[in-house]
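A structural walkthrough
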Amino acid sequence: MEIRIFDTKEEIARKCADLFEEVIRDKPNAVLGLATGASPVQTYKELIRRVKEGKISFRDIQSFNLDEYCDLPQNDKNSYYSFMRENLFQHVDIAPENTHIPDGNAKDINAECRNYDEKIKRAGGIDVQLLGIGTNGHIGFNEPDALFSEGTHRIKLSQSTVLSNSVYFTESPMPAYALTMGIRSIMEAKKIVLIAAGESKAEAIYRTVKGEVTPACPASILQTHPNVVLLLDRAAASKL
Ligand code: GLP
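So, a few notes on the structure that sits alongside this text.

What counts, and where the lines are drawn
- Residues numbered from 1 in each chain as written.
- Predicted model: local features only at pLDDT ≥ 70, side-chain atom pairs only at ≥ 80, totals over all residues.
- Heavy atoms only, no water.
- Near = heavy atom within 4 Å.
- Polar contact = N/O pair within 3.5 Å; in protein donor to acceptor, adjacent residues only side chain to side chain.
- Areas by Shrake-Rupley, 256 points an atom, 1.4 Å probe, with all protein chains shown as cover.
- Nonpolar A, V, L, I, M, F, W, Y, C, P; charged D, E, K, R; others polar.
- Pairing = 2+ DSSP bridges.
- Helix = DSSP H or I, 4+ residues; strand = E, 2+ residues; numbered from the N terminus.
- Axes fitted to C-alpha atoms, helices over the stretch in contact; angles between N-to-C directions.
- Contact = heavy atoms within 4.5 Å.
- Buried < 20%, exposed > 50% of the residue type's maximum accessible area, 1.4 Å probe, protein only.
- Arc of directions from axis to C-beta.
- Parallel < 35°, antiparallel > 145°, perpendicular 65-115°, else oblique.
- Salt bridge = Lys/Arg side-chain N within 4 Å of Asp/Glu carboxyl O.
- Expected span 1.5 Å × (residues − 1).

1. Re the site of the ligand
Near the ligand, the surroundings consist of 13 residues, among which A38, S39, D67, N165 and K201 are the closest. Measuring from an oxygen atom of the ligand, one finds a side-chain N or O atom of H138 at 3.1 Å. Here N165 contributes a side-chain N or O atom positioned 2.9 Å from an oxygen atom of the ligand. In isolation the ligand offers 390 Å² of accessible surface; the protein chains occlude 91% of this area. Split by residue class, the shell around the ligand holds 4 nonpolar, 7 polar and 2 charged.

2. Considering the sheet that holds strand 7 (residues 153-156)
The antiparallel open sheet is built from 3 strands, whose spatial order is 4-8-7. The outermost strands of the open sheet, each flanked by one partner alone, are strand 4 (67-69) and strand 7. Mean inter-strand twist for the sheet, computed between neighbouring axes without regard to direction, equals 25°. Here strand 4 pairs with strand 8 (residues 177-180) via 3 bridges, running antiparallel.

3. Looking at the side chain of N65
Mapped onto the fold, N65 is located in strand 3 (residues 62-65). Once residues within four sequence positions are removed from consideration, N65 is found in contact with L34, A35, T36, M84, F89, H100, I101, P102, Y116 and M181.

4. A few points about helix 7 (residues 202-210)
Along helix 7, the residues that are buried comprise A202, A204, I205, T208 and V209. With its buried residues spanning 160° around the axis, helix 7 presents them on a single face. On its buried side, helix 7 packs onto strand 1 (2-6), strand 9 (191-196) and strand 10 (228-233).

5. Points about unusual backbone geometry
The backbone phi angle of D71 is positive, close to 60°, even though this residue is not glycine. What makes D71 exposed here is its relative accessible area of 60%.

6. Focus on the packing of helix 2 (residues 41-52) against helix 3 (residues 80-87)
Here helix 2 crosses helix 3 at 40°, and the two axes come no closer than 10 Å. Overall, the two elements helix 2 and helix 3 adopt an arrangement that is oblique. Residues V41, Y44 and I48 of helix 2 lie in contact with helix 3, whose contacting residues are F83, M84 and N87. Of the residues assigned to the contact of helix 2 with helix 3, the class counts are 5 nonpolar, 1 polar and no charged.

7. Focus on the pattern of salt bridges
Side-chain pairs of opposite charge can arise whenever the charged atoms involved come near each other. In total, this model carries 16 salt bridges according to the counting rule given. Ionic pairing is found between R234 and D7, a salt bridge with its closest N-O pair at 2.7 Å. Of the two residues, R234 is situated in the segment after strand 10 and D7 in the loop between strand 1 and helix 1 (9-26); the sequence distance between them amounts to 227 residues. For R234, a relative accessible area of 54% translates into the label exposed. Given the relative accessible area of 52%, D7 is considered exposed. Here the residues in one salt-bridge network are D18, E21, R25, E46, R49, R50, E53 and K55, joined through shared partners.

8. With respect to helix 2
If you check helix 2, its first and last C-alpha atoms are 17 Å apart, about what 12 residues at 1.5 Å a residue would give, namely 16 Å. Contacts made by the buried residues of helix 2 are with helix 1, strand 2 (31-34), helix 3, strand 6 (128-131) and strand 9. Count one or two residues on from helix 2 and you reach G54, which has phi positive near 80°.

9. Structural notes on the pairing of strand 10
When you tally the buried positions in strand 10, you get 6 out of 6 residues, the bulk of the element. Residues V228, L230 and L232 point to one face of strand 10 and V229, L231 and D233 to the other, with burial holding for every one of them. In terms of strand pairing, strand 1 meets strand 10 through 5 bridges, oriented parallel. Note on strand 10: the bridge partner recorded for I5 is L232. Pairing between strand 9 and strand 10: 5 bridges, direction parallel.

Structure below.
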């Protein structure tokens, strides 16, 4: 694991965008694994700026998002579909048909999950996966559990996640379930970049880097991946 510590969120975002830019320059039709939450917003702003300046293009890029809430209308302001449209997709030259987000409202959830994994495989696998981290060590929506998950699946959100994310649900109740790529799908990415900022992430970062590899802290599995970069601010790195 490579660990880089920065003074500001802006510096983290610039470094993260640099890593994505490198992948896109090497492979203009790269497959990007994308994340939601507060952590990647600044990185997306950096990438948008670079597209507008003509430094990179998303014309031939394919993207796969980590997760989506279940039982939330696609156009709800809190859906990850809306999040991605507003924070990235509508500002760059990516073809809408090349962007993929699991459908949390699919009639046949099992088929949707299998199909999502199949699409990732058909695209050739993920070249670079962006991750945030939950305060409980979750990645995507892979919550602490007794086993590491495999492919895309439906999951009941943990107390801790409901507590962290319910602040966004001011007008509608927060969904209890979500679809998420599994730990195996995440670990199959060729490169992984995890970003974390703030004191609230310090314990999860400590367990990810120095703790035992255990599904009780899903991000700890990253210790076993050959190409992981952690971009942290001083507060998130304060327990290392
Ligand atoms: C959310 C997402 C994760 C994200 C994490 C942290 O629930 N499912 O993919 O990494 O929680 O979010 P934030 O960056 O807002 O702290």
